[in-house]
Amino acid sequence: RAQAGRVSLFEPYCGPGRSDRPTRRNSVGLWMHLKTLVELGVDHYLTFQLHSEMSRTFIDPVRCAVDDLPAHALLKAHLCDTAIGSVGRLRSEVQRRWVFCSVDAGGENTAKRFAASFGTRIVIAHKQRDYSRPDAVESITLLESSPIEGTVVWIVDDMISTAGSVHRLVRELAARRPAEINIAVVHPVFSPPSLDRLGELCDRGLVRTILAVDTVPCTEEIRRRLPCLRVVPSVGYAAEVVHRLNAEQPLSSLLAPFAAERYLEGRSHPPR
(Lines give C-alpha, C1' and ligand atoms only; values in the text may rest on other atoms or scores of the structure.)
Protein backbone atom coordinates (compact mmCIF):
# COMPACT_ATOMS: atom_id res chain seq x y z
CA ARG A 1 0.00 0.00 0.00
CA ALA A 2 3.02 2.31 0.49
CA GLN A 3 3.94 1.82 -3.20
CA ALA A 4 7.39 0.37 -2.50
CA GLY A 5 9.55 0.01 -5.57
CA ARG A 6 10.57 -3.52 -4.58
CA VAL A 7 9.48 -5.91 -1.82
CA SER A 8 12.00 -8.60 -0.76
CA LEU A 9 11.14 -11.31 1.75
CA PHE A 10 13.94 -13.14 3.60
CA GLU A 11 12.46 -16.21 5.29
CA PRO A 12 15.31 -18.17 6.96
CA TYR A 13 13.21 -21.33 7.33
CA CYS A 14 10.33 -22.02 4.95
CA GLY A 15 7.85 -23.75 7.27
CA PRO A 16 5.78 -25.56 4.59
CA GLY A 17 8.97 -26.61 2.75
CA ARG A 18 8.27 -30.34 3.10
CA SER A 19 4.80 -30.02 1.52
CA ASP A 20 6.44 -29.95 -1.91
CA ARG A 21 4.68 -32.80 -3.74
CA PRO A 22 1.78 -31.26 -5.70
CA THR A 23 0.44 -34.61 -6.93
CA ARG A 24 -2.70 -36.60 -6.19
CA ARG A 25 -3.98 -35.82 -2.67
CA ASN A 26 -0.69 -34.72 -1.09
CA SER A 27 -0.45 -31.40 0.73
CA VAL A 28 0.20 -28.35 -1.46
CA GLY A 29 1.11 -26.17 1.52
CA LEU A 30 4.35 -24.92 -0.02
CA TRP A 31 2.69 -24.03 -3.33
CA MET A 32 -0.05 -22.09 -1.52
CA HIS A 33 2.47 -20.36 0.75
CA LEU A 34 4.65 -19.10 -2.10
CA LYS A 35 1.70 -18.22 -4.35
CA THR A 36 0.15 -16.14 -1.54
CA LEU A 37 3.38 -14.22 -0.98
CA VAL A 38 3.71 -13.40 -4.68
CA GLU A 39 0.06 -12.30 -4.89
CA LEU A 40 0.65 -9.99 -1.91
CA GLY A 41 3.42 -8.26 -3.84
CA VAL A 42 6.72 -9.98 -2.99
CA ASP A 43 9.22 -9.36 -5.80
CA HIS A 44 12.17 -11.34 -4.41
CA TYR A 45 11.97 -14.40 -2.15
CA LEU A 46 15.06 -15.53 -0.22
CA THR A 47 15.41 -18.50 2.09
CA PHE A 48 17.98 -20.94 3.44
CA GLN A 49 18.12 -24.46 2.03
CA LEU A 50 14.72 -25.41 0.65
CA HIS A 51 13.73 -29.01 1.14
CA SER A 52 14.07 -29.80 -2.57
CA GLU A 53 15.36 -28.08 -5.70
CA MET A 54 11.93 -28.60 -7.25
CA SER A 55 10.46 -26.14 -4.73
CA ARG A 56 11.93 -23.17 -6.57
CA THR A 57 9.77 -23.95 -9.59
CA PHE A 58 6.63 -23.15 -7.61
CA ILE A 59 7.26 -19.43 -8.21
CA ASP A 60 6.89 -17.84 -11.64
CA PRO A 61 10.35 -16.28 -12.25
CA VAL A 62 8.74 -13.55 -14.37
CA ARG A 63 6.84 -12.29 -11.32
CA CYS A 64 9.26 -13.02 -8.47
CA ALA A 65 12.97 -13.83 -8.20
CA VAL A 66 13.98 -16.75 -5.96
CA ASP A 67 17.29 -17.31 -4.14
CA ASP A 68 17.68 -20.57 -2.24
CA LEU A 69 20.81 -19.74 -0.22
CA PRO A 70 23.24 -22.60 0.58
CA ALA A 71 23.27 -22.58 4.38
CA HIS A 72 25.31 -25.79 4.33
CA ALA A 73 28.25 -23.47 3.62
CA LEU A 74 27.80 -22.03 7.13
CA LEU A 75 28.16 -25.50 8.63
CA LYS A 76 31.24 -26.22 6.51
CA ALA A 77 32.90 -22.95 7.47
CA HIS A 78 32.13 -23.65 11.13
CA LEU A 79 33.79 -27.07 10.86
CA CYS A 80 36.85 -25.48 9.28
CA ASP A 81 37.04 -22.85 12.04
CA THR A 82 36.43 -25.08 15.06
CA ALA A 83 37.37 -28.67 14.16
CA ILE A 84 40.01 -28.45 11.43
CA GLY A 85 41.88 -25.15 11.62
CA SER A 86 44.58 -25.73 8.99
CA VAL A 87 45.20 -27.19 5.55
CA GLY A 88 47.70 -29.60 7.10
CA ARG A 89 45.09 -31.09 9.43
CA LEU A 90 42.58 -31.23 6.59
CA ARG A 91 44.96 -33.38 4.53
CA SER A 92 46.46 -35.52 7.26
CA GLU A 93 43.46 -36.09 9.51
CA VAL A 94 40.14 -35.12 7.93
CA GLN A 95 40.63 -36.57 4.46
CA ARG A 96 41.82 -39.87 5.93
CA ARG A 97 39.43 -40.38 8.84
CA TRP A 98 36.26 -38.34 8.25
CA VAL A 99 33.17 -39.76 6.56
CA PHE A 100 29.98 -37.91 5.63
CA CYS A 101 26.76 -39.89 5.81
CA SER A 102 23.31 -39.18 4.40
CA VAL A 103 20.17 -39.91 6.41
CA ASP A 104 18.51 -41.57 3.42
CA ALA A 105 18.95 -42.06 -0.32
CA GLY A 106 17.27 -38.70 -0.96
CA GLY A 107 20.09 -36.97 0.91
CA GLU A 108 22.82 -38.56 -1.18
CA ASN A 109 23.57 -35.33 -3.05
CA THR A 110 23.98 -33.46 0.23
CA ALA A 111 26.49 -36.00 1.51
CA LYS A 112 28.33 -35.90 -1.82
CA ARG A 113 28.63 -32.11 -1.66
CA PHE A 114 30.05 -32.26 1.86
CA ALA A 115 32.49 -34.97 0.82
CA ALA A 116 33.54 -32.95 -2.24
CA SER A 117 34.10 -29.86 -0.09
CA PHE A 118 36.43 -31.69 2.30
CA GLY A 119 37.81 -34.47 0.05
CA THR A 120 36.46 -37.39 2.09
CA ARG A 121 34.47 -40.59 1.59
CA ILE A 122 30.68 -40.84 1.92
CA VAL A 123 28.23 -43.37 3.31
CA ILE A 124 24.69 -43.58 1.93
CA ALA A 125 21.87 -44.84 4.12
CA HIS A 126 18.73 -46.42 2.69
CA LYS A 127 15.64 -45.82 4.83
CA GLN A 128 12.58 -48.06 4.82
CA ARG A 129 9.55 -46.31 6.35
CA ASP A 130 6.70 -47.88 8.27
CA TYR A 131 3.78 -46.24 6.47
CA SER A 132 1.25 -47.52 8.99
CA ARG A 133 2.49 -44.83 11.41
CA PRO A 134 3.48 -41.20 10.76
CA ASP A 135 7.23 -40.41 10.78
CA ALA A 136 8.11 -44.00 11.65
CA VAL A 137 11.23 -45.76 10.31
CA GLU A 138 11.15 -49.53 9.94
CA SER A 139 14.82 -50.12 9.07
CA ILE A 140 17.98 -48.44 7.79
CA THR A 141 20.62 -50.12 5.64
CA LEU A 142 24.05 -48.65 4.92
CA LEU A 143 24.95 -48.76 1.22
CA GLU A 144 28.71 -48.53 1.75
CA SER A 145 30.98 -51.56 1.82
CA SER A 146 34.08 -49.76 3.19
CA PRO A 147 34.50 -50.14 6.96
CA ILE A 148 33.84 -47.10 9.13
CA GLU A 149 35.46 -48.47 12.29
CA GLY A 150 37.65 -45.79 13.86
CA THR A 151 36.38 -43.01 11.60
CA VAL A 152 34.76 -39.68 12.47
CA VAL A 153 31.24 -39.80 11.02
CA TRP A 154 29.20 -36.69 10.23
CA ILE A 155 25.51 -37.27 9.46
CA VAL A 156 24.37 -34.37 7.26
CA ASP A 157 20.86 -33.29 6.26
CA ASP A 158 18.76 -30.19 5.62
CA MET A 159 16.74 -30.49 8.85
CA ILE A 160 15.85 -32.48 11.95
CA SER A 161 12.11 -32.77 12.57
CA THR A 162 11.09 -35.69 14.78
CA ALA A 163 14.61 -37.25 14.65
CA GLY A 164 13.16 -40.69 13.93
CA SER A 165 15.47 -41.32 10.97
CA VAL A 166 18.64 -39.99 12.57
CA HIS A 167 17.95 -41.86 15.83
CA ARG A 168 17.74 -45.16 13.99
CA LEU A 169 20.76 -44.31 11.82
CA VAL A 170 23.00 -43.43 14.78
CA ARG A 171 22.31 -46.80 16.40
CA GLU A 172 23.11 -48.55 13.12
CA LEU A 173 26.37 -46.63 12.76
CA ALA A 174 27.36 -47.12 16.41
CA ALA A 175 27.28 -50.89 15.91
CA ARG A 176 30.14 -50.47 13.41
CA ARG A 177 32.36 -48.82 16.05
CA PRO A 178 33.32 -45.44 14.59
CA ALA A 179 35.54 -43.19 16.71
CA GLU A 180 32.69 -40.68 17.02
CA ILE A 181 29.36 -39.76 15.46
CA ASN A 182 28.23 -36.19 14.85
CA ILE A 183 25.18 -34.56 13.25
CA ALA A 184 25.08 -31.39 11.12
CA VAL A 185 21.79 -29.92 9.87
CA VAL A 186 20.55 -26.54 8.70
CA HIS A 187 17.06 -26.29 10.23
CA PRO A 188 16.62 -27.40 13.89
CA VAL A 189 12.85 -27.86 13.76
CA PHE A 190 12.90 -30.27 16.74
CA SER A 191 9.29 -31.47 16.63
CA PRO A 192 8.25 -33.84 19.44
CA PRO A 193 9.65 -36.33 20.32
CA SER A 194 12.98 -35.22 18.80
CA LEU A 195 14.42 -33.78 22.03
CA ASP A 196 13.83 -37.08 23.83
CA ARG A 197 15.45 -39.06 21.03
CA LEU A 198 18.44 -36.77 20.57
CA GLY A 199 18.87 -36.31 24.31
CA GLU A 200 19.12 -40.07 24.70
CA LEU A 201 21.83 -40.25 22.03
CA CYS A 202 23.81 -37.47 23.73
CA ASP A 203 23.40 -38.95 27.22
CA ARG A 204 24.57 -42.38 26.06
CA GLY A 205 27.60 -40.86 24.34
CA LEU A 206 26.53 -42.09 20.92
CA VAL A 207 26.54 -38.55 19.50
CA ARG A 208 29.31 -36.14 20.32
CA THR A 209 28.12 -32.95 18.59
CA ILE A 210 24.92 -31.70 16.96
CA LEU A 211 25.49 -28.69 14.70
CA ALA A 212 22.53 -26.59 13.57
CA VAL A 213 22.08 -23.18 11.97
CA ASP A 214 19.90 -20.65 13.79
CA THR A 215 17.20 -20.54 11.07
CA VAL A 216 14.80 -21.78 13.76
CA PRO A 217 15.30 -20.36 17.28
CA CYS A 218 16.86 -22.77 19.78
CA THR A 219 15.40 -21.88 23.16
CA GLU A 220 17.16 -22.23 26.51
CA GLU A 221 15.04 -25.32 27.17
CA ILE A 222 16.32 -26.95 23.96
CA ARG A 223 19.93 -26.09 24.80
CA ARG A 224 19.50 -27.47 28.32
CA ARG A 225 18.08 -30.76 27.09
CA LEU A 226 20.69 -31.08 24.33
CA PRO A 227 24.07 -30.23 25.91
CA CYS A 228 25.86 -31.42 22.77
CA LEU A 229 24.02 -28.86 20.57
CA ARG A 230 26.14 -26.16 18.91
CA VAL A 231 24.26 -23.37 17.09
CA VAL A 232 25.89 -21.73 14.07
CA PRO A 233 24.85 -18.08 13.54
CA SER A 234 23.60 -16.97 10.12
CA VAL A 235 23.31 -13.24 10.80
CA GLY A 236 26.60 -12.28 9.11
CA TYR A 237 25.79 -14.20 5.94
CA ALA A 238 22.23 -12.86 5.84
CA ALA A 239 23.44 -9.28 6.35
CA GLU A 240 25.92 -9.63 3.49
CA VAL A 241 23.16 -10.91 1.19
CA VAL A 242 20.87 -8.00 2.08
CA HIS A 243 23.72 -5.50 1.63
CA ARG A 244 24.61 -6.82 -1.82
CA LEU A 245 20.99 -6.80 -2.95
CA ASN A 246 20.53 -3.18 -1.92
CA ALA A 247 23.88 -2.18 -3.43
CA GLU A 248 22.99 -4.00 -6.68
CA GLN A 249 26.04 -6.26 -6.28
CA PRO A 250 26.17 -9.90 -7.47
CA LEU A 251 25.60 -12.83 -5.10
CA SER A 252 27.71 -15.21 -7.19
CA SER A 253 30.58 -15.59 -4.71
CA LEU A 254 28.12 -16.34 -1.89
CA LEU A 255 26.46 -19.09 -3.93
CA ALA A 256 29.67 -20.76 -5.18
CA PRO A 257 30.47 -24.32 -4.01
CA PHE A 258 32.41 -24.39 -0.74
CA ALA A 259 36.00 -25.70 -0.85
CA ALA A 260 37.53 -26.32 2.57
CA GLU A 261 41.13 -26.09 1.37
CA ARG A 262 40.56 -22.74 -0.33
CA TYR A 263 38.72 -21.43 2.74
CA LEU A 264 41.51 -22.49 5.10
CA GLU A 265 44.20 -21.03 2.85
CA GLY A 266 42.30 -17.74 2.83
CA ARG A 267 42.27 -17.75 6.63
CA SER A 268 46.02 -18.35 6.87
CA HIS A 269 46.81 -15.60 4.33
CA PRO A 270 44.58 -12.63 5.14
CA PRO A 271 44.48 -9.85 2.53
CA ARG A 272 46.74 -6.85 3.18
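An account of the accompanying structure is given in this report.

Calculation criteria
- Residues numbered from 1 in each chain as written.
- Predicted model: local features only at pLDDT ≥ 70, side-chain atom pairs only at ≥ 80, totals over all residues.
- Heavy atoms only, no water.
- Helix = DSSP H or I, 4+ residues; strand = E, 2+ residues; numbered from the N terminus.
- Buried < 20%, exposed > 50% of the residue type's maximum accessible area, 1.4 Å probe, protein only.
- Contact = heavy atoms within 4.5 Å.
- Areas by Shrake-Rupley, 256 points an atom, 1.4 Å probe, with all protein chains shown as cover.
- Phe/Tyr/Trp six-rings, centres within 6.5 Å; stacked < 30°, edge-to-face > 60°.
- Disulfide = S-S within 2.5 Å.
- Core = buried A, V, L, I, M, F, W, Y, C linked by side-chain atoms within 4.5 Å.
- Pairing = 2+ DSSP bridges.
- Axes fitted to C-alpha atoms, helices over the stretch in contact; angles between N-to-C directions.

## Let's talk about the overall build of the protein
Point 1. Scanning the protein from N- to C-terminus turns up 10 helices and 11 strands.
Point 2. Taking all 272 residues of the protein together, 45% fall into the buried category.
Point 3. Within the protein, contacts between residues separated by at least 24 positions form 64% of all contacts whose residues are at least 6 apart in sequence.
Point 4. About 14,400 Å² of surface is accessible on the protein, with carbon and sulfur atoms providing 50% of the total.

## A few points about the packing of aromatic side chains
Point 1. Applying the stated criterion across every chain, the model contains 9 aromatic pairs.
Point 2. Between the aromatic rings of F48 and Y237, the centroid separation amounts to 5.9 Å while the plane-to-plane angle is 20°, which identifies the pairing as stacked. Here the residue F48 occupies a position in strand β2 (residues 44-48), and Y237 occupies one in helix α8 (residues 235-246), the gap between them amounting to 189 residues.
Point 3. Between F118 and F258, the ring centres sit 6.5 Å apart and the planes meet at 40°, which makes this aromatic pair tilted. Here F258 lies in the loop between α9 (252-255) and α10 (260-268) and F118 lies in helix α4 (residues 108-118), a separation of 140 residues in the sequence.
Point 4. Judged by its relative accessible area of 1%, F118 falls in the buried class.

## Examining the state of the cysteines
Point 1. Here the structure, examined in full by the defined rule, presents 1 disulfide.
Point 2. One disulfide in the model links C202 with C228; its S-S distance is 2.0 Å. Taken together, the residues C202 in helix α6 (residues 194-203) and C228 in the loop between α7 (220-225) and β11 (229-232) connect sequence positions 26 residues apart. A single burial state applies to C202 and to C228, both of which are buried.

## Describing the environment of A125
Point 1. Tracing the chain through its elements places A125 in strand β6 (residues 125-129).
Point 2. A relative accessible area of 0% means that A125 is categorised as buried.

## Focus on the nonpolar core
Point 1. Grouped together as the largest cluster of nonpolar side chains are 38 residues, with contacts concentrated most on L75, I84, W98, F118, W154 and V241.
Point 2. Ranked by residue count, the leading element in this core is helix α2 (residues 72-84), at 6 residues.
Point 3. Counting 32 residues, the second largest nonpolar core, distinct from the first, contains V103, I155, L169 and V185.

## Quick word on the sheet that holds strand β8 (residues 152-160)
Point 1. Across the sheet, 6 strands lie side by side as β5-β4-β8-β9-β10-β11; this open sheet has parallel pairing. At either end of the open sheet lies a strand with only one pairing partner, and these are β5 (121-123) and β11. Averaged over neighbouring strand pairs, the angle between their axes works out to 25° when direction is ignored.
Point 2. Note that strand β4 (residues 98-102) and β5 share 3 bridges and pair parallel. Paired with F100 across the strands is I122, a residue of β5.

## Quick word on the sheet that holds β2
Point 1. On the basis of which strands lie adjacent, the open sheet formed by 3 strands has the order β1-β2-β3 and parallel pairing. For this open sheet the edge positions go to β1 (8-11) and β3 (65-69), each flanked by a neighbour on one side alone. Ignoring which end each strand starts from, the neighbouring axes of this sheet average 10° apart.
Point 2. Both β2 and β3 contribute to a ladder of 5 bridges, which runs parallel. By the bridge assignment for β3, L46 is matched with D67.
Point 3. Relative to the sheet, α8 contacts β1, β2 and β3, its axis offset from that of β2 by approximately 160°.

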